[in-house]
Amino acid sequence: MSKKDSQNLEGLYIVVSAPSGTGKTSILRKVLKMCPNLLFSVSYTTRPRRPGEKDGKDYYFISEEAFKDKVGRGEFAEWEENYGYLYGTSSKTMKELLHLLQKGFDIILDLDWRGAKTLKKNYPGGVFVFILPPSTGELEKRLRGRGVESKQNIDKRLAKALDEIKEIIWYDYLIFNDHLETAVDTLRSIYVAEKSKKERLAYKIKEFLAL
Ligand code: ADP
Ligand code: 5GP
């Protein structure tokens, strides 16, 4: 996707970021079920698969060696290290996403703030949403409650959360995930409102303006 391309598309791309444990995956899964035109961008990761996660649907789970080979071949549009694991969006995925945007589909990407910033710089026209926990105490409770991380990993994720939250300043929207259904409704509302912006509908109103 080039800078020029990403500004003149019928579809919309949304990037969602949140400190680990906030509930982003829970929110995205529900919103994706409600919005059939909205597709999820599947990233590559070296992180082990969590219970319930599916290869090719939640992530492409690959070894660190395979990931580094891909980095060496310049196959990532962006990649970052998080909590000792590697995460990245492949250039091939980005090309496929451009094609889908041109066909009128909308795309949602789950990226940390650094990946989000890279996309904001390289592909103008996206909508950037940051999800926050109601409090740091609640974040810790959710990380422990998820029960998939070691204590050491939970501590790493908590320590990082405060740094990540400082980045909210350049995002377009903030959602507090206090009550899950409300947060789901808010993300869906942001999507619907963005789709209704007149700039995005210019291609549809040309005919009326010509009257
Ligand atoms: P993330 O993708 O942001 O790391 P998850 O979606 O895996 O977070 O959620 C972390 C944990 O918090 C899970 O156990 C999930 O069920 C729980 N959770 C998510 N949203 C809420 C909420 N609004 N209230 C209480 N628990 C929640
Ligand atoms: P988790 O292990 O909880 O699924 O994800 C850890 C972090 O990696 C989250 O902040 C998530 O948004 C981020 N992440 C997931 N995929 C990508 C990606 O392709 N690129 C970047 N930069 N971050 C990603």
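Reading the values: rules and limits
- Residues numbered from 1 in each chain as written.
- Chains lettered and ligands numbered in written order.
- Predicted model: local features only at pLDDT ≥ 70, side-chain atom pairs only at ≥ 80, totals over all residues.
- Heavy atoms only, no water.
- Helix = DSSP H or I, 4+ residues; strand = E, 2+ residues; numbered from the N terminus.
- Rg over C-alpha atoms; globule rule 2.2 N^0.38 Å.
- Buried < 20%, exposed > 50% of the residue type's maximum accessible area, 1.4 Å probe, protein only.
- Contact = heavy atoms within 4.5 Å.
- Lys, Arg positive; Asp, Glu negative; His and termini not counted.
- Charge placed at Lys NZ, Arg CZ, Asp CG, Glu CD.
- Core = buried A, V, L, I, M, F, W, Y, C linked by side-chain atoms within 4.5 Å.
- Near = heavy atom within 4 Å.
- Polar contact = N/O pair within 3.5 Å; in protein donor to acceptor, adjacent residues only side chain to side chain.
- Areas by Shrake-Rupley, 256 points an atom, 1.4 Å probe, with all protein chains shown as cover.
- Pairing = 2+ DSSP bridges.
- Axes fitted to C-alpha atoms, helices over the stretch in contact; angles between N-to-C directions.

## Considering the overall build of the protein
- The number of helices and strands found in the protein is 9 helices and 9 strands.
- At 18 Å, the protein has a C-alpha radius of gyration in line with the 17 Å of a compact globule built from 211 residues.
- Principal-axis analysis of the C-alpha atoms gives the protein an extent of 65 × 45 × 30 Å.
- By the burial criterion, 44% of the 211 residues in the protein qualify as buried.
- Within the protein, residue pairs in contact and separated by at least 24 positions form 69% of the contacts whose partners lie at least 6 positions apart.
- Between the centroid of the 37 positive side chains of the protein and the centroid of its 30 negative side chains there is a distance of 2 Å.

## Notes on the nonpolar core
- Among the nonpolar cores identified, the biggest contains 19 residues, and Ile 14, Val 16, Val 129 and Leu 187 are the most heavily contacted of them.
- When contributions to this core are tallied by element, the ones reaching two or more residues are strand S1 (13–17), helix H2 (24–34), strand S8 (127–132) and helix H8 (180–195).
- Take this core: its biggest share by element is 5 residues, from H8.

## With respect to the environment of Lys 68
- By secondary structure assignment, the location of Lys 68 is in helix H3 (residues 64–72).
- On the basis of relative accessibility, which here comes to 48%, the residue Lys 68 falls in the partly exposed class.
- Along the primary structure Lys 68 and Thr 46 are separated by 22 residues, whereas in three dimensions their C-alpha atoms are 9.9 Å apart.

## Brief notes about the site of ligand 1
- Near ligand 1 there are 14 residues, and of these Gly 21, Lys 24, Thr 25, Ser 26 and Arg 146 occur at the shortest range.
- In the model, an oxygen atom of ligand 1 is placed 2.4 Å from a nitrogen or oxygen of the Thr 25 side chain.
- Here Leu 180 contributes a backbone N or O atom positioned 3.3 Å from a nitrogen atom of ligand 1.
- A total of 570 Å² of accessible area belongs to ligand 1 in isolation, and the protein chains cover 74% of it.

## A short note on unusual backbone geometry
- Here Tyr 83, not a glycine, exhibits a phi torsion of approximately 55°, which is positive.
- The topology assignment puts Tyr 83 in the loop between strand S5 (76–82) and strand S6 (85–90).

## Quick word on the sheet that holds S1
- Strand order in the open sheet formed by 5 strands is S2-S7-S1-S8-S9, with parallel pairing between adjacent strands. Looking at the sheet topology across the chains shown, the edges are occupied by strand S2 (38–40) and strand S9 (173–176). Each adjacent strand pair in this sheet contributes to an overall mean axis angle of 25°, direction not counted.
- Inspection of the sheet shows S1 paired to S8 by 4 bridges, in the parallel sense. Paired with Val 16 across the bridge in S8 is Val 129.
- The strands that helix H5 (residues 113–122) touches are S1, strand S7 (106–110) and S8; relative to S1, the one it contacts most, it runs at about 155°.

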